[in-house]
Amino acid sequence: MWMSILRFFLIPILLNFFFFCSTPQPYWVKEKQQLFILSKDSVELIFYIEPDSDLYKFRQITRSIFDYLDLLKTYPYLTIKETRYYVIIYKDYHSYKTYRPFKIDSLAHFDRNHKLIHIPLDIQNHLLNRTTPSFVIYHELNHAILEECCKHYPIWLNEGLSFLLQNIAQSFECKKNMIYLPESLLRQKNELIDRRIHLPFYPDFDQIYDIYQQNLISILYVYYLFNSNQLLNYIQIINQDPKKELYFVFTKGNLHLYEKVRNDFYEWLKTIKGNRVINGC
Ligand SMILES: [Zn+2]
């Protein structure tokens, strides 16, 4: 009952996902056709491009990728390992859809098992302002980078950080960073506030909510941590003791303390406005 009510209220926002399960690999990957390699400072990006793709579009979405990685390197939430990252490029969304995992309406995804990013060249999503294919590729690349450096991060942190960091436009400077918050993330804000959906480190979080709700609240919660200057501290705590159950680390198992943290988040959500930059660290 609870689940069906939530599903009714929260219209899924199309986002990018990462999957634990393996997703199929298209024929041009197996046959190693149209392989493109971009590299800088020992980071190599290997692209498998679908035949008949628009290479002008491909160059457009990858043009600033190393500038983006240079900015990202300044952020203390992750480290970019000198390694290879693999990306499968689909000529369009239709082609991508034929290879994507069933049921989940993703725009692009990172297959955690094979360490492969899957991305179509023609992403258009009116729900996510400013989501151009470049932002989508940055997002998926963030998942791949976090997988290499920070496998111990919980899924919600990986998802939220991938989204937050896709929007960076300057080097890290604590409390002075300005990161864009799209209005589309706040479209269901009233429903979230009414329902007081649990925070993503709540023990039963992934059993109560579907993947769309999990994604949305994970991203908003990471924005909140950033905007209230708590994100760096959270990450330090997780790095100190990666195996500890976060619910108990953050609340000492105290339900009142958890409710206070939850309340603080919803008070922030009530006041925050989208389509503008917010600061924090
Ligand atoms: Zn994602």
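Residues numbered from 1 in each chain as written. Predicted model: local features only at pLDDT ≥ 70, side-chain atom pairs only at ≥ 80, totals over all residues.

Asks: Mind showing me how you'd approach the pairing of strand β3 (residues 43-49) here?
Replies: Each regular strand shows side chains that alternate between the opposite faces of the sheet. As paired strands, strand β2 (residues 35-40) and β3 are joined by 6 bridges and run antiparallel to one another. By the bridge assignment, Ser39 is partnered in β3 with Glu44. As consecutive antiparallel partners, β2 and β3 are separated by 2 residues, and within that stretch Asp41 has a phi angle of approximately 50°, a positive value. (Pairing = 2+ DSSP bridges. Helix = DSSP H or I, 4+ residues; strand = E, 2+ residues; numbered from the N terminus.)

Asks: Is there a simple way to think about the packing of helix α7 (residues 155-166) against helix α10 (residues 211-227) in this case?
Replies: Each pair of packed helices can be described by the angle between their axes along with the distance between the axes. Where α7 meets α10, the axes come as close as 8 Å, and the angle between the chain directions of the two elements is 70°. Judged on the interaxial angle alone, α10 and α7 are roughly perpendicular. Like other packed secondary-structure pairs, α7 and α10 cross with a definite hand, here right-handed. The segment α7 lies against α10, with Trp156, Leu157, Glu159, Gly160, Leu161, Phe163 and Leu164 engaging Gln214, Asn215, Ser218, Ile219, Tyr221, Val222, Tyr223 and Phe226. Of the residues belonging to the contact of α7 with α10, the class tally is 10 nonpolar, 4 polar and 1 charged. (Axes fitted to C-alpha atoms, helices over the stretch in contact; angles between N-to-C directions. Parallel < 35°, antiparallel > 145°, perpendicular 65-115°, else oblique. Left-handed = near helix turned anticlockwise from the far one by under 90°. Contact = placed C-beta atoms within 7 Å. Nonpolar A, V, L, I, M, F, W, Y, C, P; charged D, E, K, R; others polar.)

Asks: Help me understand unusual backbone geometry, please; the structure alone is not making it clear to me.
Replies: Most of the time, phi is negative for any residue but glycine, and the peptide bond is trans. Its identity as a non-glycine residue notwithstanding, Asn229 has a phi of 55°, on the positive side. Secondary-structure assignment places Asn229 in the loop between α10 and α11 (231-240). A positive phi angle is found at Lys252, which is not glycine, with a value near 55°. Mapped onto the fold, Lys252 is located in the loop between α12 (246-251) and α13 (255-271). We classify Lys252 as exposed; it has 9 C-beta atoms within 10 Å. (Buried ≥ 20, exposed ≤ 12 C-beta atoms within 10 Å, placed from the backbone.)

Asks: Help me understand the nonpolar core in this model?
Replies: Note on soluble globular proteins: their nonpolar side chains tend to be buried together. Ranked by internal contacts, the top residues of the largest apolar core, which has 61 residues, are Ile89, Tyr221 and Val222. Ranked by residues supplied to this core, first place goes to α10 with 11 residues. Leave out the neighbours within four places in its chain, and Tyr221 touches Trp156, Gly160, Leu199, Pro200 and Phe265. (Core = buried A, V, L, I, M, F, W, Y, C linked by C-beta atoms within 7 Å.)

Asks: Sorry, what's going on with the environment of Phe226 here?
Replies: Here Phe226 is to be found in helix α10. Of the residues examined, Phe226 has 24 C-beta atoms within 10 Å and is grouped as buried. For the pair Phe226 and Ile278, spaced 52 residues apart in sequence, the C-alpha to C-alpha distance is 8.9 Å.

Asks: How should the environment of Thr98 be read in this particular structure?
Replies: Tracing the chain through its elements places Thr98 in helix α5 (residues 93-99). Look at Thr98 and you get exposed, because 9 C-beta atoms sit within 10 Å. With 74 residues separating them in the primary sequence, Thr98 and Pro24 have C-alpha atoms 9.5 Å apart.

Asks: Just to check I follow, could you spell out α7 for this structure?
Replies: Along its 12 residues, α7 runs 17 Å from first to last C-alpha, staying within 8% of the 16 Å computed at 1.5 Å per residue. Taken as a whole, α7 has its buried residues at Trp156, Leu157, Asn158, Glu159, Gly160, Leu161, Ser162, Phe163, Leu164, Leu165 and Gln166. (Expected span 1.5 Å × (residues − 1).)

Asks: Looking at this structure, I do not really get the confidence of the model for the protein. What am I missing?
Replies: Detail in the predicted coordinates should be disregarded across regions flagged by low pLDDT. Looking at the protein, the pLDDT average stands at 86 and 88% of residues meet or exceed 70. The element-level mean pLDDT for the protein is lowest in helix α1 (residues 2-9), coming to 34, with α13 highest at 96. Throughout residues 1-14 the model reports pLDDT below 50, and contacts reaching past four residues in sequence, or to other chains, amount to 20 contacts. (pLDDT = per-residue confidence, 0-100.)

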